[in-house]
Every structure is written in structure tokens, then in C-alpha cells.
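Each chain, letter by letter, is given below.
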Amino acid sequence: MKKSSIVLLTLSVLLISQIPSYVYGDGLTQENLPPASVGNREASLFIKISPPILTKDTIGDKYLQLRLFDAKTGETIKHTSFFVTVDKDGKLLMRNLFHTHSGDLTLTIDSKDMDVNDVIVYGDNEPFLGGWTSVNDKITVKAPILLDAGLYHFEIEIFGIDFDKNIFTVSDAPKFDSWLSVGDIFDEKVSSGGKSYDLTITSYYDQINNFNYDESKKTVSFSMPFNWDIPRLEKQNVFVHEEIHFPTSFKAFSEADTYTATVNGYPVTGRMLIADPYSMENTLILHYLLSKENILDIAKSNKPGVKTMEFKLSPSSGSTTQKNSFDVKFGSGAFAKVQYDSKLVSGAKIPFEITFFDKDNKLLKWVTYGYRIEDSSGKVVYESQNTNPNSPGVLLTEGIDKHQFDFQSTGKYKITLALFSHGIDNLQTLSGISNASFDITQGTATGSNQIPSWIKNNAGWWADGSIDDNSFVQGIQYLIKEGIMKIKS
């Protein structure tokens, strides 16, 4: 009893004392940039662009928001002068100096297709550096910014802080670089089995091209521009998120148990592909969620000169897996639904899916959580690892996580979940810790050594020339790595 109390107390301390600080970067619309020396302090820059998605019907303000803050205390640094350079696809869009008295700067963007030399700023000039300013630190800029979806590069130099006359020399001016994405929505009507279906692709990275639906293979494919330069990717925070919306009436996809997905021929497995039937009524959303690690793996397998990210998706054939589920309920009213293969047996890789909901059964997004699985003796057999050393838990942008657990012995197991925060603003109103038990029985692990359906699809695509030899070899390497295929020496 004393041991359990200590564990619970430790998790509670983590829950209260550690607040996640996300770094989003390339692929999303805001980020906290790594600290730089600013005078005698370490300061970080928060940068955000809006809206996250551009369409022909986009309404409301477009803006760029900047805030310099003390990296240790989080306190906003006042009287900051920002020298802002914006470019896209190598083309300069704006270069101007702005000053904020409060420390928060908002540039309202009046998007116009114009030359960078014709950019107009509506504001006053502060007397020391001549930077654009206003009494409320909100300035309107007419510029060729946020006209199109895609990746925007922001270079921010800090010319002064704390008070208006405190000006850095050019060599001492801290610099921040940020690449932020404005997404795009693509709509297409496809035909299958004599019926017509409306598909929507939401790209949070760049505009998509070359959409195709192959009815004979039930395969959706599309591409988008992407810079695969490995040195760039290694130093940049990068994340690619693509959503494909299928109406539930399109049963070939909405009722599929699993899916075959690739990016540039590389298999998309595990939490790289998330199925979400909860967020929109009568709609299944399939999310490609590619982390920096995933993207680097794909980059290293690409042929030289590749300038696009190529997506393929199809429903997997085969029998439907029966699933059981149980809820892990938190004191706040939130809960997590744990779904798993109905045949829980030892010695098999068992798929688990953990999904978080609020008290009104609405999907929670931007969840940070931790998990621990113990056997009947209290021994920890699986435990989550923090993805960010400065914050607890694993970040789930869509509130859904996927695992494969291999239990070596039968018996009763306990899963403990800690919900740390949710929402883009790291809300802790639903935080809590709870647990539930489940049983592992003895039996024959069926399908544990079967060839995955995406391997079979890859083989078919390779045979008809849809993917190259390198992509096919990646599938063989996966079989060897998982022990499904054994090479005798």
C-alpha cells in the first residue's frame, strides 16, 4: 500500500509541476524557438501565423504574432525591436523593423499580390531606430504574405529590448529562424462501385497535386512539394500532417479494419497513420502524422533529386479483427477508451489503441499523457518515455495513440494512465491519474508471423511498376527486422 501511494504521489507532482512547452516548427503554424542569448538573459521567441488553412473562402484577419520572453521565467520582454524578414520559395516578401512597447507584437496582414518594394506599413515610427510601432502594438501591413498555402520562412533579428534606447550592435543582435506552414484544402469527387463520393484532403503543410483514385486497387494517391535536404531536416523542427476525409457511406474505407499506406514507397505504420471516426459526423478521417524521425528515415531512402512527398493509401484486405475495449475514467470526467484485439494471448504482438475523450464524449486533442503497464506482481513491463526532456508525457495531436504490446506470460495486468494536459494551450482542467485491469490468457498467437497486408500491396505495386525497387526492398527489410522473414547464413 505504501509503495502505491509513493507512485501516485510522484505522478501527481509531475502533473502539477511540469507544464509542457511544445516546439512545433516546420509543418505547423506556431512554435517556441530555442533560446538565444539576449543581453544577460536567455530568451525564446514565440511566433504564430494565422489562419492555419487558406481557401478561396478564407475570411477574417490574417496575422503574424511575435513575443520575446525570458526562457527561465516565461515573462514577456518589453520594448522589443524586431527586424522581420519573410520569404517563401526563395522569394523575398517583406523586410521591415517593428517595435513593441508591451512586448507583444501583432501584424495584421492585408494580403496583396505586389512587389516587396511596394509593401505598405500603417503605423508610427519610434524615434531611435525608426521602427514601425503603434500605441496598442497592433500594426497593419499590406504585403504579398499569406496569399498562398505553403512553407513560409521567417528570420527575426532582435535589435533592442527593455527600453527604447537600449539598442544592440549588429554583431550582438540575436537571430531566430522559423519555418511555418499554411495549409490547403483539396476537394475531389471519386467513383467506386458505380457510386460517387466526395473526398476532402486537408494538408497542413503545402498544396497537394496529382490526386488520383485507382478504383481497381482502391488506392488514393497524391503528392505535395517537399524539400528532402537532410542537413535542413536534421536542424529543423519538422512535422507533416495530412488528413483524408472519407464519408462513412464509402464503406471500402470507412469499414476497413486496417490500411496500407506509404510515403515515397516507405511503409507508414503504427502511430504514423491514425483513424479518427470521432471528430466529424458521418466522416472517417485518416491522419498521416509524420514526425521528424519518420521524415528523416524516408529522406535517407529517397533517390537523389526527389522534390515531392508522394502519398498512397488503400484499405487492407482480410478478415475484420474483433475488438474489446474498456474505459479508464479520470476524476475530472474525462476518460480514455482502450481498444485491443479480443484474443489477448501471451507471446503475441497485440495492437492497443488509446483514445481520449472529455466528459461529453468529444475527442480530446493535443493531449500529453503517460502510461505504465504492470503485471500481477507489480513489475513494470511497459512504460512511456517523455518525448520532450523538459515536459512529461507523450504528445498526441489527435488524442489517439497506437501501440503493440507483447506479453510474455498470462495473468492479470494493470494499465495506469496519467493525463497531463490537453489543447493547444496546454490546459490542465481535465488532468488526472487512473487505472484499469485486463487479462492475458494462454493461447496460440494467430497472425503474429503473417505477412502484413501493406507488404502484399507493395509487392503488387512493384510488380506493375507503381513503386521502384528501392521501395520494395524496404518492405523486405521490414520483414527481416520483425523476424517474419529469417535469412540463413
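What you see is a predicted model, and the numbers here were worked out from it, not measured in a lab.

(A) Spatial organisation of the overall build of the chain. A tally of helices and strands in the chain yields six helices and 32 strands. Among the 489 residues that make up the chain, the fraction classed as buried is 49%. Here the analysis covers contacts within the chain between residues at least 6 apart in sequence; of these, 65% occur between residues at least 24 apart. Working note: accessible area of the chain is about 23900 Å², and carbon and sulfur atoms make up 49% of it.

(B) Layout of unusual backbone geometry. The omega torsion across Ser50 and Pro51 is 10 degrees, close enough to zero to call that bond cis. Structurally, Pro51 is set in the loop between β3 (41-50) and β4 (53-54). With phi around 55 degrees, Asn210 is a residue other than glycine that occupies positive phi space. The exposed category is assigned to Asn210, whose relative accessible area is 59%. A positive phi angle, near 50 degrees, is found at Asn264, a position not held by glycine. Tracing the chain through its elements places Asn264 in the loop between β19 (259-263) and β20 (266-267).

(C) View of the sheet that holds strand β16 (residues 209-214). Ordered by their spatial adjacency, five strands build an open sheet running β16-β17-β23-β19-β20, and the pairing between neighbours is antiparallel. Each end of this open sheet is capped by a strand with a single partner; those strands are β16 and β20. Bridge count between β16 and strand β17 (residues 219-225): four bridges; the pairing is antiparallel. Along β17, the bridge assignment pairs Asn209 with Ser223.

(D) Molecular detail of the side chain of His241. Here His241 lies in strand β18 (residues 240-247). Among the polar contacts made by the side chain of His241, one reaches the side chain of His287 at a distance of 2.9 Å. The residues contacting His241, other than those within four sequence positions of it, are Thr202, Ser203, Tyr204, Tyr205, His287, Tyr288, Leu289 and Glu398.

(E) The arrangement of the packing of aromatic side chains in detail. Overall, the coordinates contain 30 aromatic pairs when judged by the stated rule. Between Tyr213 and Phe253, the aromatic rings sit 6.5 Å apart at their centres with planes inclined by 55 degrees, giving tilted as the arrangement. Of this pair, Tyr213 sits in strand β16 while Phe253 sits in helix α3 (residues 251-254), and the two are 40 residues apart along the sequence. Since its relative accessible area comes to 13%, Tyr213 is described here as buried. Each ring, one from Tyr288 and one from Phe311, has its centre 5.0 Å from the other, and the planes form 80 degrees; the classification is edge-to-face. Of this pair, Tyr288 sits in strand β22 (residues 283-290) while Phe311 is found in strand β23 (residues 308-315), placing the two residues 23 residues apart along the sequence. You can call Tyr288 buried: its relative accessible area is 0%. Put simply, the rings of Phe326, Phe330, Tyr340, Phe352, Phe356, Tyr369, Tyr371, Tyr382, Phe405, Phe407, Tyr413 and Phe438 pair up and form one aromatic cluster.

(F) The arrangement of the sheet that holds strand β26 (residues 349-357) in detail. The strand order β24-β25-β26-β30 describes an open sheet built from four strands, whose pairing is antiparallel. Bordering the open sheet on either side are β24 (323-329) and β30 (400-406), each of which pairs with just one other strand. Averaged over all neighbouring strand pairs, the angle between strand axes comes to 25 degrees, with direction disregarded. With seven bridges connecting them, β26 and β30 associate as antiparallel partners.

(G) Highlighting the pairing of strand β12 (residues 138-143). Alternating residues of β12 divide into Ile139, Val141 and Ala143, all buried, and Lys138, Thr140 and Lys142, none buried. For strand β8 (residues 104-111) and β12, the ladder comprises six bridges, and the chain directions are parallel. Paired with Thr108 across the two strands is Thr140, which belongs to β12. As judged from the three bridges shared by strand β9 (residues 120-122) and β12, these two strands associate in the antiparallel manner. Bridging across to β12, Ile120 finds its partner in Lys142.

(H) Summary view of the nonpolar core. Counting 40 residues, the largest nonpolar core has Phe226, Val240, Phe246, Tyr288, Met309, Phe311 and Leu313 as its most contacted members. Judged by nonpolar contacts, the second largest core, of 37 residues, contains Met94, Ile109, Val141 and Ile161.

(I) A look at a nonpolar patch on the surface. A surface patch of nonpolar side chains, amounting to about 230 Å² of accessible area, comprises Phe128, Leu129 and Ile167. We classify Leu129 as partly exposed; its relative accessible area is 33%.

(J) Molecular detail of the pairing of strand β25 (residues 335-341). Inspection of the sheet shows β24 paired to β25 by seven bridges, in the antiparallel sense. By the bridge assignment, Val328 is partnered in β25 with Ala336. Counting the residues in the hairpin turn of β24 and β25 gives five residues, including Gly333, whose phi is positive at 100 degrees.

(K) Seen up close, the pattern of salt bridges. The final tally for this structure, using the stated rule, is nine salt bridges. Residue Asp89 is joined to Lys88 by a salt bridge in which the shortest nitrogen-to-oxygen separation is 3.2 Å. Since its relative accessible area comes to 69%, Asp89 is described here as exposed. Ionic pairing is found between Glu398 and Lys365, a salt bridge with its closest N-O pair at 3.0 Å. Of this pair, Glu398 sits in the loop between β29 (394-396) and β30 while Lys365 sits in the loop between β26 and β27 (367-374), placing them 33 residues apart in sequence.

(L) Highlighting the confidence of the model for the chain. Across the chain, the average pLDDT comes to 83, with 80% of residues at 70 or higher. This model gives residues 1-25 a pLDDT under 50, and the stretch forms 48 contacts once residues within four places in sequence are excluded. Low pLDDT, under 50, characterises residues 444-450; the stretch is placed with seven contacts to residues that sit more than four places away or in other chains.

Conventions used here
Residues numbered from 1 in each chain as written. Predicted model: local features only at pLDDT ≥ 70, side-chain atom pairs only at ≥ 80, totals over all residues. Heavy atoms only, no water. Helix = DSSP H or I, 4+ residues; strand = E, 2+ residues; numbered from the N terminus. Buried < 20%, exposed > 50% of the residue type's maximum accessible area, 1.4 Å probe, protein only. Contact = heavy atoms within 4.5 Å. Areas by Shrake-Rupley, 256 points an atom, 1.4 Å probe, with all protein chains shown as cover. Pairing = 2+ DSSP bridges. Polar contact = N/O pair within 3.5 Å; in protein donor to acceptor, adjacent residues only side chain to side chain. Phe/Tyr/Trp six-rings, centres within 6.5 Å; stacked < 30°, edge-to-face > 60°. Axes fitted to C-alpha atoms, helices over the stretch in contact; angles between N-to-C directions. Core = buried A, V, L, I, M, F, W, Y, C linked by side-chain atoms within 4.5 Å. Patch = residues over 30% accessible without salt bridge, like charges linked within 9 Å, V, L, I, M, F, W, Y side chains within 5 Å. Salt bridge = Lys/Arg side-chain N within 4 Å of Asp/Glu carboxyl O. pLDDT = per-residue confidence, 0-100.

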